[in-house]
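Structural features, examined
So the chains spell out like this:
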Amino acid sequence: MSSTARRGAVWSLVAWIAGVLFVLPVLWMVLTSLHSEQDAATNPPSPGAALTLQGYREFFGAGTGVSPWPPLLNSLTASVMSTLLVLVLAVPAAYALSIKPVRKWSDVLFFFLSTKMLPVVAGLLPVYLIAEHLAMLDNIWLLVILYTSMNLPIAVWMMRSFLAEVPVEILEAAAIDGARLPTTLVRIVAPVAMPGIAATALISFIFSWNELLFARVLTGVVAGTAPVFLTSFVTSQGLFLAKVCAAATCISLPVLIAGFAAQDKLVQGLSLGAVK
């Protein structure tokens, strides 16, 4: 075996080990969710214990009467709507910063990045007071606005690198044919940069779906999201591990499904522009 083949084999083994280490906690969570509370609470845990769906039945309201569907629908609404708004705003902004660069575009990019330097908790009190003044507490559209503003800087940075790879010749040909800016963005830029758009949309969706701090403080009964609902399983009576793992598994499924469905676009998008 040549040295190149040996190095390839070693790096393949390292990749498999890293993959197993990342997946193992998720598999352990799923396995724990299929145990009874008594078996899940043993120390050390007993992976060979009998399997049961009791944790999932309790998550879906069996014996408690508390339905998880309103929080799940709230999370879906906030995540999907904010992701759509992010794409609508980020694609034209990235177009202006890459294909048709504005003056001092590097300063604009730094401004976008500087908005992520402030810790989220530092802006919590001002946002709460503004939402209270506008009577928007416990309102799902407040989360849509906040998630859009939180994800937009990252989306602009990502989309700029993606759109910078669009061949200029195609845009020049479209301009010669008389295509206006909206037509250029929708019918030319979007299809070419679709892997990057898919990657940006998936990351924005994941960030919105997993956000807890703002949702925990700014919502209540009506607009509570899935992560907020997950915290309700930690009670004064203790931590019901099997039930929490079942809830975490169910709440993680939409993100996992979206990731698997768009994995080819995600890989293409994240690697776009990596090699000049």
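Counting restarts for each chain, with residues numbered from 1 along the sequence as it is written. For this predicted model, a pLDDT threshold of at least 70 governs which residues receive local features, and a threshold of 80 or more governs which side-chain atom pairs are given and counted, while totals over whole chains, interfaces and linings are taken from all residues. Side-chain measures here rest on the full set of heavy atoms in the structure, leaving out hydrogens and waters.

Per an unreviewed UniProt entry, the chain goes by Carbohydrate ABC transporter permease and derives from Streptantibioticus ferralitis. Per UniProt, the chain carries the Subcellular location (unreviewed entry) text "Cell membrane". UniProt positions are given in the numbering used here, feature names are shortened, and annotations may be inferred rather than shown by experiment. The UniProt entry for the chain carries the following text under Sequence similarities (unreviewed entry): "Belongs to the binding-protein-dependent transport system permease family."

This brings us to the overall build of the chain. Here a helix means four or more residues in a row that DSSP labels H or I, a strand means two or more in a row labelled E, and each is numbered from the N terminus. For the chain, the helix and strand inventory stands at 14 helices and 2 strands. Taking the principal axes of its C-alpha atoms as reference, the chain extends roughly 70 × 70 × 30 Å. By the burial criterion, 36% of the 276 residues in the chain qualify as buried. Any pair of residues with heavy atoms lying within 4.5 Å of one another is described as a contacting pair. In the chain, the proportion of contacts linking residues at least 24 apart, taken out of those at least 6 apart, comes to 75%. The protein chains shown are the only cover counted for residues, whose accessible areas, like all others here, come from Shrake-Rupley with a 1.4 Å probe. Here the chain has roughly 16,300 Å² of accessible surface; of this, 71% comes from carbon and sulfur atoms. Charge counting treats Lys and Arg as positive and Asp and Glu as negative, with His and both chain ends excluded. Charge positions come from single atoms, namely NZ of Lys, CZ of Arg, CG of Asp or CD of Glu. Across the chain, the mean location of the 14 positive side-chain charges is 9 Å away from that of the 12 negative side-chain charges. Under the scheme applied here, a residue whose accessible area is under 20% of the maximum for its type counts as buried, over 50% as exposed, and between as partly exposed, the area being computed with a 1.4 Å probe on protein chains only.

Right, let's talk about a nonpolar patch on the surface for a bit. Together, Phe 60, Trp 69, Leu 73, Leu 76, Val 80, Met 81, Leu 84 and Trp 141 give the surface a local cluster of nonpolar side chains, amounting to about 760 Å² of exposed area. If one sorts the elements of the nonpolar patch by residue count, helix H4 (residues 69–98) sits on top with 6 residues. With respect to the helices, strands and loops of the structure, Val 80 is situated in helix H4. Within this analysis, patches are made of residues with over 30% relative accessible area and no salt bridge. Like charges are joined at 9 Å or less; nonpolar side chains (Val, Leu, Ile, Met, Phe, Trp, Tyr) at 5 Å or less. By convention in these notes, a salt bridge is any Lys or Arg side-chain nitrogen within 4 Å of a carboxyl oxygen on Asp or Glu.

Under the present numbering, the feature "transmembrane region" (unreviewed entry) in UniProt falls on residues 9–31, 76–97, 109–128, 140–163, 184–207, 213–233 and 240–262. In this annotation, residues 76–97 is assigned 100% helix and 0% strand; the end-to-end C-alpha distance for the span is 31 Å.

Where each domain starts and ends comes from a domain assignment, either automatic or drawn from a database. Here the chain is described as being made up of domain 1 (1–67 + 233–251) and domain 2 (69–230). Each of domain 1 and domain 2 has a C-alpha centre, and these two points are 31 Å apart. At the interface, 10 residues of domain 1 touch 8 residues of domain 2. A simple way to read buried area is as the amount of 1.4 Å-probe accessible surface that goes missing from two parts once joined, with both sides added. Both faces combined, the contact of domain 1 with domain 2 buries some 800 Å², and carbon together with sulfur accounts for 72% of it. When the buried area of domain 1 at its contact with domain 2 is split by residue, Ser 67, Phe 233 and Ile 251 rank highest and sum to 66% of it.

Right, let's get into the packing of aromatic side chains. Only rings of Phe, Tyr and Trp enter the pairing, Trp through its six-membered ring, and a pair is recorded when the two centres are within 6.5 Å. The plane angle decides the type: under 30 degrees is stacked, over 60 is edge-to-face, the rest tilted. All chains considered together, the criterion is met by 6 aromatic pairs. Between Phe 60 and Trp 69, the aromatic rings sit 5.8 Å apart at their centres with planes inclined by 40°, giving tilted as the arrangement. For Trp 69, a relative accessible area of 48% gives the class partly exposed. Ring-pair connections join several aromatic residues into one group, and the members of that group are Phe 59, Phe 60, Trp 69, Phe 229 and Phe 233. Only Lys NZ and Arg CZ are tested; either one counts as a charge over a ring when it is within 6 Å of the ring centre and within 35 degrees of the ring normal. Over the ring of Phe 240 we find Lys 243, and its NZ or CZ is 4.9 Å from the ring centre.

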